[in-house]
Amino acid sequence: MATDLEDIVEHMRRFAWPDYLVFVSMLMLCILIGVYFGFVQRKPNTESEYLMGGRTMMVFPIALSLIASFISGITLLGLPTEVYSFGIQYVYVALGVTLMGFVMGFIYLPVFHKLNITSTYEYLETRFDRRLRMFGSIMFTIMNIGYLPIVIYVPALAFNQVTGVNIHVITPIVCIVCVFYTCVGGLKAVVWTDVVQTFSMFGALVLVAVKGTIDLGGSDVVFRSAWNTGRLERPNFDINPTTRHTFWSQLIGGFVYWLQTNAVSQNMIQRYLSLPSVAAGRRALWIFVFGVCLLMSLCSYCGLLIYATYQNCDPLTTKLARAKDQLLPLFVMDILRDLPGLPGLFVAGVFSAALSSLSTCLNSMSAVILEDFVKPFVHKPLSQRTINWIMRSVVVGVGALCAALVFVVEKMGTVLQLTMSLEAITNGPLLGTFTIGILIPWVESRSALTGGIFGVIFMSWLSLKAQYWVATGTIVFPHKPMSVDGCTYEFDRSLANATSTSVYTTDDIFPLFRVSYMWYTFLGAAVTILVSLLCSVLIFGRQDPKTVSPDLMAGFVRRYIHGPDVPSVQGNARVVVLMPNAYGKNGKTSHESAL
């Protein structure tokens, strides 16, 4: 490759001391927030205070924390590249997000909030038995451990693009900062750092959008170039499930995916349960829906802006951006490199997204490990000192593991795709299991567990096999028109004509492996529910729905089963649920859970 390209790359790496100052200031602010809630604010050092903020948190900071928790650096860097390469068809997922808000607010959220639980998976034991609780907790743990290294690795790539600093220098530093304020300050520190990080994310994207638009001469230039190349497009109403993005995959598949990640995932539910009432949870939910849609719109506009800037010289083809996740950082350094401090603000925004997701997962992992893997197996109550030691040890241990696994992610490139597919493997079966519990009281524990295990096996086979075909270049998704005819620097032009070397073609692949990834969570949930229903009918028998506590069902199901006047258990009451015993016999036993 010609040296001119390398010269341009080095020329763009103008991360000056004002940029480092802005970036370090963001990290120091996070540390100070942790110090404040850990040492200055005098609150009882209890489990509820550490994990749930005393269940007295305010709506607006929780809503911003939800936005920051869900939007990682992968989204901030990946969505602009998605729109740049494939157009705005993905953005119609906002319809699915909105639908999720209605369903979660009126079906799932009231059930969890009423039970006053800490771990979401406590519900599975109360509704079914301990085996289902362990199934959910193990799936959650596997997903998080696979996901966390990517969360921190992707923004480290961006930092490397703009500074040249090795990723293994920056990732331990960022992990140490995150572990410190999460370990010291608990949920309140996590939430309030998320508030700061949310504003940092929005500020970084607005800065890039405004500066890039001014440089091009106005937004009409951006939209005209996007329209002329099909990037700005109407919804695709194709009913073919193998089409990568359609109106139906974004509405239905997107709705199911977001329902799982927001309505039954410990990472998100823990924040909703820290609010004092269901009404407060619903307000936070709708602020979250609006904020996520706004953030996705900003990311999408940045993708169109990048295309309008590079429409005659695609940096992905020329390898000016060596990885897709480095496209937005490249653009930022191109337009902001002469304005000291602003590139640092952008990088701080990207790392803010990573820190918020990482701290959320660390805090949730401490809750799950304590509630699901420790407490059920000890024979006497733990002292407060022991609980504090366990919670903080989990944060430190998982944070260290996250930093170590970055080495694995870096050395084994395709592991990125394979690890991200873990979400699809666990998300669908977990959503299916919770949905059975809340909406289908006729299904008992053995049927639900069989359905969940079968769903995980099915999604492992489907997702990993499909990712294999994508990684080998057999399944190729055609992108929108790109050009290198206007490049003013030399590059290896053979790269522009590179093709797949696979001996197979896309048509040779079994159609199920070609189904859009947007349907994966839907398929996992559907298979889990279907197998559970079949087991109830053909093998284990139906459960009498009247033996299920009313508070474990959605409101309309409860009224249908028990009538409109059934009393509702509130607060810290004890719920008595009749269910099959832990050994799976046909007899009924009284399972009592203190909630």
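Since the structure is predicted, the reported quantities are computational estimates derived from the model, not experimental observations.

Engineer: An account of the overall build of the protein is needed here, citing residue identities and associated values.
Structural biologist: Secondary structure summary: the protein contains 21 helices and two strands in total. A buried classification covers 59% of the 595 residues belonging to the protein. Within the protein, contacts between residues separated by at least 24 positions form 85% of all contacts whose residues are at least 6 apart in sequence. Carbon and sulfur atoms make up 65% of the accessible area of the protein, which amounts to about 23,400 Å² in all.

Engineer: Please give an account of a nonpolar patch on the surface that cites residues and values.
Structural biologist: Nonpolar side chains collect at one region of the surface, where F237, I239, W248, I252 and F522 lie side by side and expose about 490 Å² of accessible area between them. The exposure class of F237 is partly exposed, given its relative accessible area of 48%.

Engineer: An account of the side chain of T126 is requested, with residue identities and associated values reported.
Structural biologist: The topology assignment puts T126 in helix α7 (residues 122-127). For T126, the side chain forms a polar contact with the main-chain oxygen of E122, separated by 2.9 Å.

Engineer: Before we move on, could you go through the pattern of salt bridges and cite the residues and values that matter?
Structural biologist: Between side chains of opposite charge, pairing is possible as soon as their charged atoms come close. In the structure shown here, the tally under the stated rule is 11 salt bridges. The shortest N-O distance in the salt bridge between D215 and K211 comes to 2.8 Å. In this pair, D215 and K211 are both assigned in helix α9 (residues 167-216), four residues apart and thus about one turn of the helix distant. Its relative accessible area of 22% is what places K211 among the partly exposed residues. When salt bridges that share partners are traced, they join E125, R130, R133 and D372 into one network.

Engineer: Would you mind going over the environment of S25 in detail, with residue names and values included?
Structural biologist: Relative to the helices and strands, S25 is located in helix α2 (residues 17-40). Taking relative accessible area as the criterion, S25 reaches 37% and is therefore assigned partly exposed. Each C-alpha atom of the pair S25 and A348 lies 8.9 Å from the other, and the pair is 323 residues apart in sequence.

Engineer: Talk me through the packing of aromatic side chains; I want residue IDs and the actual numbers.
Structural biologist: For the coordinates displayed, the defined rule picks out 21 aromatic pairs. Aromatic side chains F223 and Y301 sit 5.8 Å apart centroid to centroid with 55 degrees between the ring planes, which places their arrangement in the tilted category. Residue F223 is found in helix α10 (residues 219-228), and its partner Y301 is found in helix α13 (residues 278-310); the two are separated by 78 residues along the sequence. Of the aromatic side chains, those joined through ring pairs into one cluster are F112, Y121, Y123, F140 and F434. Lying across the ring of F377, R130 places its NZ or CZ 5.6 Å from the centre.

Engineer: I'd love a proper account of the nonpolar core, names of residues and values included.
Structural biologist: In this structure, M100, M104, Y108, F112, Y123, Y272 and F288 are the most contacted members of the largest nonpolar core, which totals 172 residues. In this view, F112 contacts I117, T120, Y123, A263, V264, I269, L273, F434 and I438; residues no more than four positions away in its chain are not counted. Ranked by size, the runner-up nonpolar core spans 16 residues in total, among them A424, A466, F513 and C535.

Engineer: Tell me about helix α4 (residues 59-70), and name the residues and values.
Structural biologist: Helix length check: α4 (12 residues) gives 17 Å between terminal C-alpha atoms against 16 Å at 1.5 Å per residue, within 8%. The buried fraction of α4 amounts to 11 of the 12 residues, a majority that puts the element mostly inside the structure. Three or more residues of α4 are buried, namely V59, P61, I62, A63, L64, S65, L66, I67, A68, S69 and F70. If you follow the buried residues of α4, they end up packed against α5 (73-86), α9, α11 (247-264), α12 (266-272), α13 and α16 (342-374).

Engineer: Go over the state of the cysteines with me, naming the residues and quoting the values.
Structural biologist: A complete count under the given rule lists one disulfide for this structure. Note on C175: no disulfide assigned, nearest cysteine sulfur contributed by C402 at a separation of 4.2 Å. Free cysteine C299: the closest other cysteine sulfur is in C302, separated by 6.5 Å. Judged by its relative accessible area of 1%, C299 falls in the buried class.

Reading the values: rules and limits
- Residues numbered from 1 in each chain as written.
- Predicted model: local features only at pLDDT ≥ 70, side-chain atom pairs only at ≥ 80, totals over all residues.
- Heavy atoms only, no water.
- Helix = DSSP H or I, 4+ residues; strand = E, 2+ residues; numbered from the N terminus.
- Buried < 20%, exposed > 50% of the residue type's maximum accessible area, 1.4 Å probe, protein only.
- Contact = heavy atoms within 4.5 Å.
- Areas by Shrake-Rupley, 256 points an atom, 1.4 Å probe, with all protein chains shown as cover.
- Patch = residues over 30% accessible without salt bridge, like charges linked within 9 Å, V, L, I, M, F, W, Y side chains within 5 Å.
- Salt bridge = Lys/Arg side-chain N within 4 Å of Asp/Glu carboxyl O.
- Polar contact = N/O pair within 3.5 Å; in protein donor to acceptor, adjacent residues only side chain to side chain.
- Phe/Tyr/Trp six-rings, centres within 6.5 Å; stacked < 30°, edge-to-face > 60°.
- Lys NZ or Arg CZ within 6 Å of the ring centre and 35° of its normal.
- Core = buried A, V, L, I, M, F, W, Y, C linked by side-chain atoms within 4.5 Å.
- Expected span 1.5 Å × (residues − 1).
- Disulfide = S-S within 2.5 Å.

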